[in-house]
Amino acid sequence: MRILLSNDDGYFAPGHEQLAAAVAHRAEITVVAPERDRSGASNSLTLDRPLSVRRAPNGFLFVNGTPTDCVHLAVTGLLDKLPDMVISGINLGANMGDDTIYSGTVAAATEGYLLGIPSIAISLASKTAAHLETAAQVAVELVERHARLGAPPWLLNVNVPDIPRADLKGLQITRLGRRHRAEDVIRTQSPRGETVYWVGAAGAAADAGDGTDFHAVEQGFVSVTPLQIDLTNRDQMTDLRAWLER
């Protein structure tokens, strides 16, 4: 198998290095990742300037752009052959519920999916990263399953509890939960006396019941959520038609 690896934490991120080391034993890998942390970049493409691609001493390619740029460049020009799969991660911190809208990790996988390639975004649901190897092992298991069974060009969002692999209770197919409203921005002063703002923290889980990604991870399961790109709210189409016809 040929697998394209990317992320949003930067090519030097520990989770990315662990993922590459684990998957390299099962497949031919190519790493194309951002040159710096681009968390929260979502699905942005860089269209206002050219992009450069450089090679790090460890062989990883890095781009002065977004996670979406990395996968787009790789699939549409850098690689001689299309990858069989795109894996984005391992992200340091969960990407569950509303997080997926902003996540650069999910965005890199989404770009692979939009280009017709089975894609997985994988995140460790913790900032302490005590068990990055657990998420790496889960990624390898998914790669092995794909090699054995194949897969349609789906987009999977995977969140792994930060516990030893032996303590995982299994995998659960889940839906996205929802978060409460984000906390207010934090206003402070720069060293030059200018007023600056930090974006507030994400809200706590609101819809986190049985069947959600939040619930699965809390219970010690790997959450696997199939995502789609169609944002059409079909439930509102009839009401909207009536509103426009008045």
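Further up the page is the structure itself.
Residues numbered from 1 in each chain as written. Predicted model: local features only at pLDDT ≥ 70, side-chain atom pairs only at ≥ 80, totals over all residues. Heavy atoms only, no water.

For the coordinates displayed, the defined rule picks out 2 aromatic pairs. Between the aromatic rings of Tyr 11 and Phe 62, the centroid separation amounts to 4.4 Å while the plane-to-plane angle is 10°, which identifies the pairing as stacked. Residue Tyr 11 is found in the loop between β1 (2–6) and α1 (14–23), and its partner Phe 62 is found in strand β4 (residues 61–63); the two are separated by 51 residues along the sequence. When sorted by exposure, Tyr 11 lands in the same class as Phe 62, which is buried. (Phe/Tyr/Trp six-rings, centres within 6.5 Å; stacked < 30°, edge-to-face > 60°. Helix = DSSP H or I, 4+ residues; strand = E, 2+ residues; numbered from the N terminus. Buried < 20%, exposed > 50% of the residue type's maximum accessible area, 1.4 Å probe, protein only.)

Taken in spatial order, the 9 strands line up as β3-β4-β2-β1-β5-β6-β7-β13-β8 in an open sheet, and their pairing is mixed. Strands at the two margins of the open sheet, each flanked by one partner only, are β3 (53–55) and β8 (171–173). On average, each strand axis in the sheet is inclined to that of its neighbour by 25°, with strand direction left out of account. Alignment of strand β7 (residues 155–160) against strand β13 (residues 222–227), held across 5 bridges, turns out to be antiparallel. Residue pairing for β13: Asn 159 is matched across the bridge by Ser 223. (Pairing = 2+ DSSP bridges. Axes fitted to C-alpha atoms, helices over the stretch in contact; angles between N-to-C directions.)

What follows deals with the pairing of strand β11 (residues 195–198). The pairing of strand β10 (residues 186–189) with β11 spans 4 bridges and is antiparallel. Within the sheet, the bridge partner assigned to Thr 188 lies in β11 and is Val 196. Taken together, β10 and the strand that follows it, β11, pair antiparallel across an intervening segment of 5 residues, in which Gly 193 is found at a positive phi of about 85°.

Another point: the environment of Val 53. Relative to the elements of secondary structure, Val 53 occurs in strand β3. Take Val 53: its relative accessible area is 33%, and that puts it in the partly exposed class. Residues Val 53 and Thr 128, 75 residues apart in the sequence, show an inter-C-alpha distance of 31 Å. Excluding its chain neighbours within four sequence positions, the residues that come into contact with Val 53 are Leu 61, Phe 62, Val 63, Leu 73 and Leu 78. (Contact = heavy atoms within 4.5 Å.)

This part takes up the nonpolar core. Here is a general trend for soluble globular proteins: nonpolar side chains tend to be buried in one another's company. Residues Ile 3, Ile 87, Ile 90, Ile 122, Val 138, Val 158 and Val 160 are the most contacted members of the largest nonpolar core, which totals 33 residues. For this core, the secondary-structure elements that each account for two or more residues are β1, α1, β2 (28–34), β5 (85–92), β6 (119–124), α5 (132–149), β7 and β13. Here this core gets 8 residues from one element, more than from any other, and that element is α5. Excluding residues within four positions of it along the chain, Val 138 makes contact with Ile 122, Val 158, Val 160, Leu 168 and Val 222. Val 63, Val 86, Ala 108 and Ile 117 belong to the second-largest nonpolar core, a separate cluster that totals 11 residues. (Core = buried A, V, L, I, M, F, W, Y, C linked by side-chain atoms within 4.5 Å.)

Across all of its chains, the model carries 3 salt bridges by this definition. For Arg 26, the salt bridge identified is with Glu 144, shortest N-O distance 2.5 Å. Within this pair, whereas Arg 26 is found in the loop between α1 and β2, its partner Glu 144 is found in helix α5, the two being separated by 118 residues in sequence. With a relative accessible area of 33%, Glu 144 lands in the partly exposed category. Across the pair Asp 230 and Arg 234 runs a salt bridge whose closest N-O atoms are separated by 2.7 Å. (Salt bridge = Lys/Arg side-chain N within 4 Å of Asp/Glu carboxyl O.)

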